[in-house]
Every structure is written in C-alpha cells, then in structure tokens.
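Next come the chains, spelled out residue by residue.
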Amino acid sequence: MSKSKLAVTLFILSEASFFALLIIAYVYFHAYPGEGPTAAGSLNVGRTAIFSVFLFASSATMMLASRSYRTRSSAMLGWLIVTLLLGGVFLFGQVREYMGLYAAGVSANRSLFATTFFTLTGFHGLHVAIGLLAIGAVAILAGSGSLGVSAREEEAFGSVEIYWHFVDAVWVVIFSIVYLWEFL
Amino acid sequence: MTGIVTLNPVSPEAAAISHLFVAILIILGGIFLLVTVLVLYAIARYRDRPGAPEAKQVFGSRRLEIAWTVAPVLLLTLIGVFMIRAIEASDPPIEDRKPDLRVVGHQWWWEIAYPKSGAVTANEIHIPVGKSLLVEVDSADVIHDFWVPELGRKIDAIPGHVNYVWISADRPGVYQGVCAEFCGAEHTWMRMIVVAEGEGDFDAWQRAQLATPAMPSDGEAARGLTILKDQTCLNCHAISGLAGNQTVGPDLSHIASRRILAAGAVANSPENLFRWLKNPASIKPESHMPNFQLSDEKVRALVAYMETLK
Amino acid sequence: MSDIAAADRIAPVEAEREGLLSWVASVDHKQIGIMYLLSGLVFFGLGGLEALIIRTQLAIPGNSIVTPDTFNQLFSMHGTTMIFLVIMPVMAGITTYVLPLMIGARDVAFPRLNALSFWIQLFGGILLYFSFVAGGAPNAGWFSYAPLSEPAYSFNNGVTYWILGLAGVGIGSLAGAINMAVTVLKLRVPGMTIRRLPLFAWITMVNSFLMIFALPVINAALVLLLADRLLNAHIFTPAFGGSAVLWQHYFWGFGHPEVYIMILPAFAIISEVIPVFSGKPIYGYEFVAASTVAIAFMSFAVWAHHMFAVGLGHLFDLFFGISTMAIAVPTGIKIFNWTATLYQGRIRFTTSMKFAVSFIVMFTIGGLSGVSFAVVPLDWQLTDTYYLVAHLHYVLFGGSIFAIFAGIYYWFPKMSGRMLDERIGNWHFWTTFIGFNLTFLVQHLLGMMGMPRRVFTYPDWPWWMTLNMISTIGAFTLLASVIIFLWNIRISLGAGAPAGDNPWDAWTLEWATTSPPPAENFALVPPVRGRRPLWDLAHPDRADELVAAASGE
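This section reports on the structure supplied with the text. Computed from a predicted model, the values in this text were never measured in an experiment. Counting starts from 1 at the beginning of each chain's written sequence and moves along it residue by residue. Lettering for chains starts from A, numbering for ligands starts from 1, and both go in the order in which the items are written. Under the rules for a predicted model, residues below a pLDDT of 70 receive no local features and side-chain atom pairs below 80 are neither given nor counted, while totals for whole chains, interfaces and linings still include all residues.

So, on to the overall build of chain C. Under the DSSP-based scheme used, a helix requires at least four consecutive residues in state H or I and a strand at least two consecutive residues in state E, with every element numbered from the N terminus. Counting its secondary structure elements, chain C contains 17 helices and 0 strands. Throughout, the radius of gyration refers to the C-alpha atoms, and the reference size of a globule is 2.2 Å times the residue count to the power 0.38. Compactness check: chain C gives a C-alpha radius of gyration of 23 Å against a globular reference of 24 Å for 553 residues, within 12% of the reference. If you line up chain C on its principal axes, its C-alpha atoms span 70 × 50 × 50 Å. Burial statistics for chain C: of 553 residues in total, 64% are counted as buried. Residues are called buried when their C-beta atom has 20 or more other C-beta atoms within 10 Å, exposed when it has 12 or fewer, and partly exposed otherwise; all C-beta atoms are positioned from the backbone.

For the purpose of contact definition, each residue receives a C-beta atom placed from its backbone, and two residues are in contact when these atoms lie within 7 Å. Chain B puts 71 residues into the contact, and the matching count from chain C is 74 residues. At the level of secondary structure, the elements contributing two or more residues to the side of chain B that touches chain C comprise α1 (12–45), α2 (62–90) and β7 (155–157) of chain B. A per-class count over the side of chain B that touches chain C returns 43 nonpolar, 14 polar and 14 charged. Three categories are distinguished: nonpolar for Ala, Val, Leu, Ile, Met, Phe, Trp, Tyr, Cys and Pro, charged for Asp, Glu, Lys and Arg, and polar for the others, with Gly belonging to the last.

With that out of the way, let us pick up the sheet that holds strand β4 (residues 124–128) of chain B. All names here are of chain B. A pair of strands counts as paired when DSSP detects no fewer than two bridges linking them. If you walk across this open sheet you meet the 5 strands as β4-β10-β9-β6-β7, and the pairing is mixed. Every other strand in the sheet has two partners, leaving β4 and β7 as the edge strands with one partner each. This sheet shows a mean twist of 25° between the axes of neighbouring strands, independent of strand direction. Sheet topology note: the strand β6 (residues 144–147)/β7 ladder contains 3 bridges and is antiparallel. The partner of F146 across the bridge, within β7, is I155. Packed onto the sheet, helix α3 (residues 199–210) meets β4 and β10 (192–197) and runs at close to 140° relative to β4. To obtain each axis, a line is fitted to C-alpha atoms, and for helices this fit is confined to the stretch in contact; angles are then taken between N-to-C directions over 0 to 180 degrees.

Residue and element names in this part refer to chain C. For T385, the location among the structural elements is in the loop between α12 (376–382) and α13 (386–416). Linking T385 and Q443, residues 58 residues apart in sequence, is a C-alpha distance of 8.9 Å. The contact partners of T385, leaving out residues within four places of it in the chain, are G447, G450, M451, P452 and R453.

All names here are of chain C. Relative to each other, helix α11 (residues 351–374) and helix α14 (residues 422–448) sit at 10°, their axes nearing to 10 Å. One element, α11, and the other, α14, form an angle in the roughly parallel class. Facing α11, whose interface residues are T351, K354, F355, S358 and S369, α14 presents E422, G425, N426, H428, F429, F433 and H444. When the residues that make up the contact of α11 with α14 are grouped by side-chain class, the tally is 3 nonpolar, 7 polar and 2 charged. By definition in this entry, angles of less than 35 degrees are roughly parallel, angles greater than 145 are roughly antiparallel, angles of 65 to 115 are roughly perpendicular, and the rest are oblique.

With that settled, the discussion passes to the sheet that holds strand β1 (residues 101–106) of chain B. The strands that make up a sheet are held in pairs by hydrogen bonds between backbone atoms, and each pair lies either parallel or antiparallel. All names here are of chain B. Spatially, β3-β2-β1-β5-β8 is the arrangement adopted by the 5 strands of the open sheet, whose pairing is mixed. Two strands bound the open sheet, and with one partner strand each, they are β3 (119–122) and β8 (163–167). Here the strands of the sheet are splayed against their neighbours by 25° on average, with no regard to which way each runs. Summarising the sheet, strand β2 (residues 109–114) and β3 pair through 4 bridges and their orientation is antiparallel. Bridge pairing in β3 links Y114 to A119.

Our focus in this paragraph is the interface of chain A and chain C. Contacts between chain A and chain C engage 21 residues on the former and 28 residues on the latter. Elements with a minimum of two residues in the side of chain A that touches chain C: α1 (3–31) and α5 (112–143) of chain A. Its residues assigned to classes, the side of chain A that touches chain C shows 12 nonpolar, 6 polar and 3 charged.

This paragraph deals with the nonpolar core. Counting 327 residues, the largest nonpolar core has C:A221, C:I270, C:V273, C:F359 and C:A406 as its most contacted members. Here this core gathers at least three residues from each of two domains, domain 1 (5–90) and domain 2 (219–306) of chain B. Other than its neighbours up to four places away in sequence, C:F359 contacts C:I270, C:G399, C:F402, C:A403 and C:A406. We define the nonpolar core as any set of buried residues of the types Ala, Val, Leu, Ile, Met, Phe, Trp, Tyr and Cys, connected via C-beta atoms lying within 7 Å of each other. These domain boundaries are the output of an automatic or database domain assignment.

Following this line, the structure appears as structure tokens:
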C-alpha cells in the first residue's frame, strides 16, 4: 500500500471513530428522548432515501472514473463530473431537508434528537462537501491536462476514491440507524 | 479532619475499606521496595569504573519474562479477591430500604432532609450511633460529591442520576465531610459535619428540628423578623412557621442550633453571623447570597432574631 | 517523480533561505521538531507559573493570594497546558526530530502536513491562552465536567476557548500521528525490517494508532459540548433531558487512552537511553514491544475507572477495576525489562541516564498508586483527593517529564552539535529529583488525610499546613531546577563541547550522521542487518543477529 493510500486509510479509521461516537450519542438520546421533536415526527424516509440513492450511485460512478483513469480511457473526466453532480444532488437534498426541518421549528437546540441529528448528519454533509472539493480538484486537473499517469498521481487519485467510498459507507450506516431503523 | 482519616474508620463500611487499604499498602510497598532495591543494586554494582568488565550482550530470557508476567497476575488476582469482598462490605446493597436521609448538593451548601420524619436542615447531619441509615444523594445543580471519610466511601451527587450510600457511626463524635467533586467557585467551602450521638440525643435533636420556632413578639428579635420579611429573605430561605419553602438557600429554621456557618467556612457564632449578613463575600467571596447593604443596626436585629431559631 | 528527485529539487532552495523567516516556512522535520520543543518550553513555563501560584496560595491555610475564581482558572489551565501544550507537543517534537533519522529516512512521510501539525497546535495553544484576556480562562477543570461546563454555570467564554484550543491541538496531534505511522511503515531504509525497528520507532508507531482511535473521541465530545454552549443545546444538561454522565464517558473514553498517549513516548525514550548507557541491548525486546501493543488495546477498556464514584453499579465498577489491574501487567513487564537491562551492564551515569534510571523508580511509584486506585473501594476513598494529584504527577512528571529530560540530554548533542554540560546537568537532575519528590510525596499523605483536590484553601488542622508547606517548598525547588536547566541550554548552545557524530557510542542510525545532521539527513545510510546497526558495524564478529542465531534464539 502506498504512502498516500495508507495515510488516507488511517485518516478514515480516525474519522470512523469520530462518527461512531456521534452515532452513539444519537442512539443514546433515541433511547432517552426527553422533550421536543423526535425522528418519527420530523423525518421523511422516502425523500431522504431518494437522495441517498444519488450518493450511492456516485460511489459507483467514482469507481467507473477510477477504472477509466487506470485504463487511460477518455471517459474518466465524464465520470468524474457525473460523480460531482450526483454528490451535489445529495447535498442539495440534505440542504432541502434541513430547511424543511428548520421551517417546521426543528432547529438544532429544540430537542436531543434535533441536536444529535444535526450534528451527525451535519458532519457527514461536511465530509461530503470536502470530498466534492477534492474530486473537483482532480477533475479540474484532469480537464486542464495536468493530471498525468505516474504512480504518485495514481495513488493520489486512489486516495480520493477511498475517501469518497468511506463517506458513502458512513451514510449507509447513518441512513440505516437514523431513518430505516425508525421507520421499518 | 485530624489524623489519617482514611485509616481511622468509624463505621463498618469505612473499616472494610481501611483494612483493605492497609493490606494493599503493604503489598504495594513491598513491590516498590523490590523494584527500588533491584535498581539501586544494579546501578551500584554495574557502574562503569576502571577495570569494570565489559557489558554482557544478552537479549533476554523467556523464562524470566514468563515469571514476571505470571507473578503479577497471581498477585493481582489475590488483590482482586480482596477487592470483591470489600466492595460488598463497604457498599452494601440497598434492597427495598427507603432512604432515611436525603442529601441534595447545591452550589455551595448541603440540603439535608429526613423523609421519614420530615425534618429539614442544612450542612449538619445527625445520626444515632450504631444504626445504619440509607442516604439518598442528589444534586440541584452541578455534580457534587458527598464524602465523610471516617464513615465511608464517597459518592457523587449528580443531577439526573440519584445515588445511594449507607451512613453509620460506631461511636459518638463529630465527623467532618467535604464536597469531593469540583463544583465551581466555592467548592472549597462546601463542607458538612456529621454528628453521631446516642439514640436519645438524636431523637431529641430531631424533635427540635421538627418544632416550629416561636415568633418573637418584641424587642430586637422582633425587629429582626420584620427586617427579614422586608428584605425578601424568604424568597430563597425557608423558615418553618413563615410562608414559603424555598430551597435556593439553606433552611434557616434552626440555624442557631448548628455548629458551622456557610458550609464550614466559619464556626457558627453571633459574631460570624453578623459578618456573614453584613457582607457574605467577606467570608465566602463567590457565594450566591447577595450583599443586601444592610446597616449595622439592621444586621444586629437580624442576628438577634436568628439567634432565637434554635 | 520520485521522492528523492523531489527532495533534490527542494534542498538547494531550502539552503537559500536563511534567518528566522525560513523557520516559519520550514517543512524540515528537524526544524519542526525544534520548534515543537521551543513552544513546549514556553508553555512549560506558563504551566509552571500557574502551579507556583497555586502552591503559594496553598502554602498556608486561609491564604488569599488569588480569588477563588482565579484559582479555579489557574488549576484548569495548569492541567490543560501541561497535558496538551507541553507533554504532547514536546513528545511530538522529539519524535518528529528523531524518528526519520532513526529509520534512515530523509524526512517524514508528509513534511508539509508535519508543519501544519505544529502550527495548528501552536495556534490552539495561543487561542487557549487568549482566553485570559477575553473574559477569563476556562475554570471548570481540565476535564470540564458537565453541567459545570455548561453556560448556566460557566458564565464566561473560558470553556469555549478550551474547546476550540483543544480542537486545534487535537487536529495537529492526529495529523502528526498519521504522519508518524506512515513514516515508520513506509520510509524505513531497506534492511530495517519491522522486527529490526528500534523500540523508539516501534512504540511511536503503536502510539500513533492509539492517537488515531482516541483523539476522535474527544473531538466528538467537544463538538457536542460546543453545541450546548453555542447553540443552546442540552446534550449534557440533565435539567433538559441531557446526561451529565455521558460527558464523563466520552471524556474518559478519550482521557484514559490519552494518558497512555503521554507515557508511551516516555517508554520509547527510556527504551533507547537505558540500553545505550548500560552498554548492552534492551532486555526482552519482543516483550517490551508486545506489551506496548497490549497496553494500547487494553487502554480502551479501562476508562470508567475515573468514574467509580459516579455510582454506576458494582458490576460495572468491578469490570473496570479488573481491567485496570490487568493493564498493570504489561506495564510491569516493561519495568522489569528495563531493570534487567541494567544488570551486567557497564553503566555510564550521564545526566540522561540519571533521569532514565530515576524514571524507573518514579514511574513505579506512580504505577503502584494507580493500582491502589484500581482497587475499587480504595478509589471510593481516595479519588478526587490529593492522593490522586500525587498519583498523576508521579506518572506524568516522574514519568513523562523525567523521560523528556532524559531524551533531551541524549539527543541535544545530535540536534545542536554541542554537548550539554554534565556538571550543570547534575545540578539540574538533583534539584529536579529532590524538588519533585518534596512536592508530591507528601501529597499522598494529604489525600489520605482527607484533603480534596481543587480547593483553594483548607482549615487549619494539625499537619495540614506543614505538609502543604513542604509541597510548596518542593515546587519552588523545581523552579530552581528549571532555571538551572535553561542555564545549561544557554551555556551549552554557545560554548558546549563539540558533540561529533556519536558522542554516546550509541547504535541507532541517527548517530551515523553529523551533529547536527545535514538537510538531507544522511550522506550515506549504513547497512542495517540488526536492531543495532552501529554496534553491528563496530563489532562485525559479534553482530546481534549472529549472536542470537548462535545461541539458538
């Protein structure tokens, strides 16, 4: 495993630890809710599921972009852009959801559910945004012809890919615990 | 607290801990001596000096490693056995017992109540000698810790998480307690005392705490009562016989019968009470009690009234 | 392009930059390491000043040198400073300086990330200290228990600065940990297999993994507390359904691994210093290495021994009491191995070695008092008293700080090209040793006598003043020791004896280059065919792995 991939993997391990602790807080206050809005009364599984599909799809397109890169196919840039768009749609969905919650009076301090929900999904959204920036940077480099095929650059691309898959995997867990578990 | 209170137990629970402590100190002391002697011997014997032999290039010994892994494990297992027994002996189970005492930590005083009789006081607990009472420990604000070392373990007073601890004393005496969890500015002066006395004395004390103090009809004390009502003291303090039962500040119904003021910052005396009422910050700088800017004459009257609250 | 080609491009450019400004822009691990040490020294002075004021206030009962609230800010900042702005950065500094050299590398895996780690950590520290002039420093203790740390009870912004400062330090440390782990795993010179790693490198790597898993725990806790303080949330306020105990679980879930994060680097230093000044290899290399891994894993299973007084139930307490006693075993194994290394050696009592040997005894005392805390009913009496203050200082000062001094006297010649003066060093050592023990030994007794921690004064009971006064005298003796240390550094930087490549006749690769090393660290890295490359080179007929093979190990 190269330097970059190892570093990103270690970073992902630490981030996994971070998200695990935020999930624990969410689960704890799900069991001991206190007053105010709760998941059952505030969230819309269906809509979030749809937006989630976009995020999951972006992992697939990222893999396609990666394959194109390694096979020197010209489709790479296209797949990167599709990944960006899909990820962007997910973020847009998140923002819509936040706005809806806020309009319904569910702000971060209204209940223990609200605080842990916004903290958990908010930090996830932040990680998505950072991932999009990283993918965007790769796309810009590729688009301007500055992305070569040396071992180093391949490793860098691979690192971004690993990070993106991680962000996706975290959403699988969050979506399951916050949405599916509530409504199934 | 005079003396090494953690080794001067006055209750069976504290004794269980104290005996364990002595045993552990001996074991740990032995290990310390062993390591220290080994190190001192080595550095004396194997010092670099003219004519000293070359250092021996050895890498280790599996047998020795196993030995000094197994030996500590055995020793710790032994300690573990002592520990399990002492846990039960020093912190007996509660079963169905209803609490005899309710202690609520406030910043920075102890609210004391006897649910079975209804007596309420502050900072001073009385218990009959030789009887085990169950204490319910709670907090009205931040985390405090109830600790009377001669009588037993410490236990946190946590808002939202009620705790229970047994309290008893084998012999009469006045036992010092402290708050043992940092709780803010005046954590230092959140002390309490536990007075263990004969059953008769305890009953008499409890009866006195339950009695409603007579209201003075004339003289300086009566003037003091009027001032107390005017100054809205009852918005924070409860005095039985007068309206209200606030717990922002300590219950003052029998303040004159207590031995300490301001949770141990000073002894209870008319002089100290005067100083406190004149300017609480002079005794306990960060106390929540405001300075009412009272004239000396008013304070004297208040003190005269409060001295009747026996 | 390859790393070497990139390095060759950078090196001449670096050589052109001179002066102070070049240090600010530096990505050279040696310069970054020195900057860590310098900033750590400054914060050591600040934390020490806070301690001196605390000890002055406590020297006599009824003292009023400072107000109660100021006192609370002082001890909160003292603990936070010493842990996050002294021990962790200084250890990071020694590590980042020494590690690449020790494995024959040119720099760490990610030099720019290394610089970022330092500057973010420094910024976090400055932010924390800014609180003094921005409404008051944090005053809820170094672990900010809720609800005391919540806005309802902590009115100024102090705790918020604490959160933000720790976030900075935490990010810097995490980045540093990832950097060091990748460096050890990927940048070793060929021939240095994992089994031939110097223990310093091995322990650093294990410690990196500890940080990777433990630091995020406090990050999560800080995020939630920040939500409470800035967004009016109620995660940790019971009055609104939150849980004060949850904060403790989160904090100590980080806090306990954190103390191992602070002591593992000390173990790393001691594992290098003691063998060199005994003239023989470390006794039981594999066991020291394996026990380190055991400690790292087990450190995640003991956190609630900080919560025995919380009342979480006997079964819960028992589990953590047993796990805590268990973690004493791998620690003890190390103590025995270091002691055994002394036997049949030829011990040179340099200042570094004096600190290292006394580390063994001081850390043993701290470790043993730790075992007394593992015994749950004893903890019920002794926790939150001065017995605990004594315990933590024996492991963190008698342990980590003593090891740091051992490391500094050991590697200062490599870093500066000059030897620290041994005579002044002797004075430094003895004043430190005596001052430290004077300060903290009596505190065991004070705790047993019922003195709680975090109190700004105490009643005038028999012996209380005497013992506190002794402790204060010890603290001022430590002040003298630090002044002597600073004097030694000052004098030696100017006029210390030239060190040469290998003043100690040591064996690891950092001693195979000049003192200080050139920008690229090595002109030529010696071959590595064992754990002690320079020993093997000097004694080809008695090379370690030859001897080991011959004796059938």
